[in-house]
Amino acid sequence: MPELPEVEALALDLKGRLTDRPITRVDLAAFSALKTFDPPLQALHGTLVEDVTRHGKFLDITASGLHLIVHLARAGWIRWRDDVPKLPARPNSKNPLAARVVLDEDPQTDGGSGLTPGLDITEAGTKKSLAIYVVRDPLEVEGIARLGPDPLDESFTIEVLDQILQDAGRAQIKGVLRHQGTIAGIGNAYSDELLHAARMSPFKPANSLSDAELQTLYDAIRNVLGDAVARSRGLAASELKGEKKSNLAVHGRTGEKCPVCGDTVREVSFADSSLQYCATCQTGGKPLADRRLSRLLK
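A quick note: this is a predicted structure, and the numbers were derived from the prediction, not measured.

1. Looking at the overall build of the protein chain
Of regular secondary structure, the protein chain possesses 9 helices and 10 strands. Expressed as lengths along the three principal axes of its C-alpha atoms, the size of the protein chain is roughly 65 × 40 × 35 Å. In the protein chain, the share of contacts with a sequence separation of at least 24, taken over all contacts with a separation of at least 6, comes to 66%. Accessible area for the protein chain stands at about 14,300 Å²; split by element, carbon and sulfur atoms hold 51% of it.

Here is the structure:
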């Protein structure tokens, strides 16, 4: 799932490609992906892209005062095309294409290059969760309106983090970190990475941190996410997934060696997700209970 660093880099890459470019049309290939009807999708036709930003994990393409908002969900992505097909995209259940944004002809030469660039918004797999919105104000999107503070914003101080954790009570800190209404942009992967960097159990109660642990977690949030954004900045969209995967310490690395201590990275599975951690670094060498067996026995 794309998280804050990838969406930040994706927004920066698209900002350089799209700003001041006219949108010729937007083709919808997966009708279930479009979550709004007013303004209609066709209202974007003929608009001029003014900016590309993000809100948490939501991508925001601003065009002539309208906002094309995309949430890539678990398996969505955006692919830049130097030349899109001439015929409009059509619905096809076997095609991962959800929508296509077609730009005006590339103006690099006096007569035009003859190429028609654009974006393919795609979603792999059969569980379709990608969401597209056309709104006049980003806050019209409920998911954006409910977002917590951005962890890389200057206003996200250690005092803000402390209040978030105290308000969460005895909730497991892993879930608190990845809840978008609490902190924006951190998902399953980076919550694993932050807790590993902070040498903290994902099951630790949120309100139980000492002052030293709070400082360590705050530093991990700023440093791990900040470093990931710095590494991703300037990369093309096609390179971002590989960059993320190659720099993860524990997430997605079950059975591999922890890069810090050499212990085996372990996993805890849930109904629709899993977490990875290092017992030596994070839980005093004690393995966490894995719910897979108990789930199978129910």
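2. Comments concerning the sheet that holds strand E8 (residues 131–135)
Taken together, the 4 strands give an open sheet; going across it, the order is E2-E3-E4-E8, and neighbouring strands pair in antiparallel fashion. Each edge of the open sheet carries a strand with a single partner, namely strand E2 (49–55) and E8. Ignoring strand direction, the axes of neighbouring strands in this sheet form an average angle of 15°. Pairing between strand E3 (residues 58–63) and strand E4 (residues 66–71): 6 bridges, direction antiparallel. The residue bridging Thr62 from the neighbouring strand is His67, located in E4. Along the sheet, helix H1 (residues 4–18) contacts E2 and E3; its crossing angle with E2, the most-contacted strand, is approximately 175°.

3. What to know about the nonpolar core
Of all hydrophobic cores here, the largest spans 36 residues; its most connected members are Leu18 and Leu59. Sorting elements by how many residues they give to this core places H1 first, with 6 residues. If you look at the next biggest cluster of nonpolar residues, it comprises 26 residues, including Leu161, Met200, Leu209 and Leu214.

4. A word on the packing of H1 against helix H7 (residues 237–246)
Relative to each other, H1 and H7 sit at 160°, their axes nearing to 10 Å. As judged from the angle between their axes, H1 and H7 are roughly antiparallel. Here H1 runs over H7; the crossing is right-handed. Residue-level contacts link Glu6, Ala9, Leu10 and Asp13 of H1 to Ala237, Leu240 and Lys244 of H7. For the contact of H1 with H7, the class distribution of residues is 4 nonpolar, no polar and 3 charged.

5. Some remarks on the pattern of salt bridges
Tallied over the entire structure, the rule returns 16 salt bridges. Of the charged contacts, one joins Lys244 and Glu6 as a salt bridge, the two residues approaching to 3.4 Å between their closest N and O atoms. Within this pair, whereas Lys244 is found in helix H7, its partner Glu6 is found in helix H1, the two being separated by 238 residues in sequence. With relative accessibility at 11%, the residue Lys244 sits in the buried group.

6. Here we look at H1
For H1, which comprises 15 residues, the first-to-last C-alpha distance of 20 Å matches the rise-based estimate of 21 Å (1.5 Å per residue) to within 8%. Positioned one or two residues after H1, Asp20 has a phi angle of 70°, which is positive.

7. Some thoughts on the sheet that holds strand E6 (residues 97–103)
The strand order E1-E6-E7-E5 describes an open sheet built from 4 strands, whose pairing is antiparallel. Edge positions in the sheet fall to strand E1 (23–28) and strand E5 (76–81), since each of these pairs with one other strand and no more. Strand-to-strand twist of the sheet, defined as the mean angle between neighbouring strand axes without regard to direction, takes the value 15°. Sheet topology places E6 next to strand E7 (residues 118–123); 5 bridges connect them, and they run antiparallel. Paired with Val102 across the strands is Gly118, a residue of E7.

8. Focus: the environment of Pro205
With respect to the helices, strands and loops of the structure, Pro205 is situated in the loop between helix H5 (188–197) and helix H6 (211–232). A residue is classified by how much of its surface remains accessible, and Pro205, at 18% relative accessible area, is buried.

9. Here's the deal with the packing of helix H3 (residues 158–168) against H6
At a minimum axis distance of 10 Å, the contact between H3 and H6 shows a crossing angle of 115°. With respect to H6, the element H3 is oriented roughly perpendicular. When the axes of H3 and H6 are compared, the crossing they make is right-handed. The segment H3 lies against H6, with Ile158, Leu161, Asp162 and Leu165 engaging Leu214, Gln215, Leu217, Tyr218 and Ile221.

10. Considering the environment of Arg233
Structurally, Arg233 can be placed in the loop between H6 and H7. Note: C-alpha distance between Arg233 and Gly185 (48 residues apart in sequence) is 16 Å. Discounting chain neighbours no more than four positions away, the residues touching Arg233 are Glu8, Ala9 and Leu12.

Reading the values: rules and limits
Residues numbered from 1 in each chain as written. Predicted model: local features only at pLDDT ≥ 70, side-chain atom pairs only at ≥ 80, totals over all residues. Heavy atoms only, no water. Helix = DSSP H or I, 4+ residues; strand = E, 2+ residues; numbered from the N terminus. Contact = heavy atoms within 4.5 Å. Areas by Shrake-Rupley, 256 points an atom, 1.4 Å probe, with all protein chains shown as cover. Pairing = 2+ DSSP bridges. Axes fitted to C-alpha atoms, helices over the stretch in contact; angles between N-to-C directions. Core = buried A, V, L, I, M, F, W, Y, C linked by side-chain atoms within 4.5 Å. Buried < 20%, exposed > 50% of the residue type's maximum accessible area, 1.4 Å probe, protein only. Parallel < 35°, antiparallel > 145°, perpendicular 65-115°, else oblique. Left-handed = near helix turned anticlockwise from the far one by under 90°. Nonpolar A, V, L, I, M, F, W, Y, C, P; charged D, E, K, R; others polar. Salt bridge = Lys/Arg side-chain N within 4 Å of Asp/Glu carboxyl O. Expected span 1.5 Å × (residues − 1).

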